[in-house]
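# A look at the structure
Residue strings, one per chain:
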Amino acid sequence: RPGGWLAAELKLTPEQQEQLNRIWEDTAFRGRHEREDQRRTLIRERDEAIVGLIRPEDKPKYEALMQDYARRLDALENEWSVAFQNAVERTKEILTPEQRAKYEAIRERHDSDRGRPDRRRRDREGDSGRSRDWRPGPEPSSRGQ
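The subject of this paragraph is the overall build of the chain. When helices and strands are counted, the chain shows five helices and zero strands. Written out in order from the N terminus, the α and β elements of the chain read α-α-α-α-α. Here the chain holds 145 residues, and the buried ones make up 32% of them. Sequence separation of at least 24 residues holds for 69% of the intrachain contacts in the chain that already meet a minimum separation of 6. For the chain, the computed accessible surface area is about 9600 Å², with 51% contributed by carbon and sulfur atoms.

When its volume is computed, the second largest pocket comes out at roughly 170 Å³. Forming the boundary of the second largest pocket are Asp26, Thr27, Gly31, Glu34, Arg35, Gln38, Leu76, Glu79, Trp80 and Ala83. Split by residue class, the lining of the second largest pocket holds three nonpolar, three polar and four charged.

Tracing the backbone through its elements, the reader meets Phe84 in helix H3 (residues 59-93). Judged by relative accessible area, Phe84 falls into the partly exposed class, the value being 27%. For the pair Phe84 and Ala28, spaced 56 residues apart in sequence, the C-alpha separation works out to 7.7 Å. Aside from chain neighbours lying at most four places away, what touches Phe84 is Trp24, Thr27 and Arg107.

According to the stated counting rule, one finds two aromatic pairs in the structure shown. Measuring from ring centre to ring centre gives 5.2 Å for Trp24 and Phe84, while their planes differ by 65 degrees; the resulting arrangement is edge-to-face. You can see Trp24 sitting in helix H2 (residues 14-51) and its partner Phe84 sitting in helix H3, a full 60 residues away along the chain. Geometrically, the ring pair formed by Trp80 and Phe84 is tilted, given 6.0 Å between the ring centres and 45 degrees between the ring planes. Taken together, the positions of Trp80 and Phe84, both in helix H3 and four residues apart, correspond to about one turn of that helix. The buried category is assigned to Trp80, whose relative accessible area is 18%. Following the ring pairs from residue to residue traces out a cluster consisting of Trp24, Trp80 and Phe84.

This part takes up the nonpolar core. If you look at the biggest cluster of nonpolar residues, it comprises 14 residues, and the most contacted ones within it are Leu6, Leu10, Leu12, Leu20, Trp24, Leu95 and Tyr103. At four residues, H2 tops the list of elements feeding residues into this core. Discounting chain neighbours no more than four positions away, the residues touching Leu12 are Ala7, Gln17, Leu20, Leu95 and Gln99. Within the second largest apolar cluster, five residues are counted, among which are Leu42, Ile43, Tyr69 and Leu76.

With that settled, the discussion passes to the side chain of Gln99. Its location among the elements puts Gln99 in helix H4 (residues 97-114). Within the structure, Gln99 has its side chain in polar contact with the backbone oxygen of Lys11 (distance 3.1 Å). Engagement of the side chain of Gln99 in a polar contact is seen with the backbone nitrogen of Thr96, the distance being 2.8 Å. Beyond its immediate stretch of four places on either side in the chain, Gln99 contacts Leu10, Lys11, Leu12 and Gln16.

It is worth spelling out the environment of Gln19 at this point. Looking at the element boundaries, Gln19 is found in helix H2. Under the relative-accessibility criterion, Gln19 is labelled partly exposed at 23%. Separated by 75 residues in sequence, Gln19 and Ile94 have C-alpha atoms that sit 7.5 Å apart.

Thresholds applied
Residues numbered from 1 in each chain as written. Predicted model: local features only at pLDDT ≥ 70, side-chain atom pairs only at ≥ 80, totals over all residues. Heavy atoms only, no water. Helix = DSSP H or I, 4+ residues; strand = E, 2+ residues; numbered from the N terminus. Buried < 20%, exposed > 50% of the residue type's maximum accessible area, 1.4 Å probe, protein only. Contact = heavy atoms within 4.5 Å. Areas by Shrake-Rupley, 256 points an atom, 1.4 Å probe, with all protein chains shown as cover. 1 Å grid on protein atoms, 1.4 Å probe; cavity = no way out; pocket = protein on both sides within 12 Å on 5 of 7 lines; lining within 4 Å. Points joined across faces, edges and corners; volume = space filled by probe spheres on them. Nonpolar A, V, L, I, M, F, W, Y, C, P; charged D, E, K, R; others polar. Phe/Tyr/Trp six-rings, centres within 6.5 Å; stacked < 30°, edge-to-face > 60°. Core = buried A, V, L, I, M, F, W, Y, C linked by side-chain atoms within 4.5 Å. Polar contact = N/O pair within 3.5 Å; in protein donor to acceptor, adjacent residues only side chain to side chain.

In short, geometric facts, not functional conclusions.
Right, here's the structure in full:
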């Protein structure tokens, strides 16, 4: 249930719990699934297109495809980041000062516990584990990771 452990940790009132649930419902639950579906679609489209471009004479097309993919993935990640941060700020608005301080400490602890893995690298590798910078020939990518 949204806010279950957080509501208990912050000792939210029932009204605050309901507000918290409304804030996070779209962002954390439905939004996450939509974003994952969009990510899988982007990965599939990229991989299918690459299959058709593996000839050396198609290298400029391949580069354009990969740049477009990176741009679209970055836009998707940025959109999610903004929505998440907005929900965090809206959450803080419904908390008392004491609850807010505890919430911020919990978020910091949670972020450090997770170690913030480089999600973008994993996303660019896709489900197949192939690096987004894989290309025919021995040259490394001009776009570093």
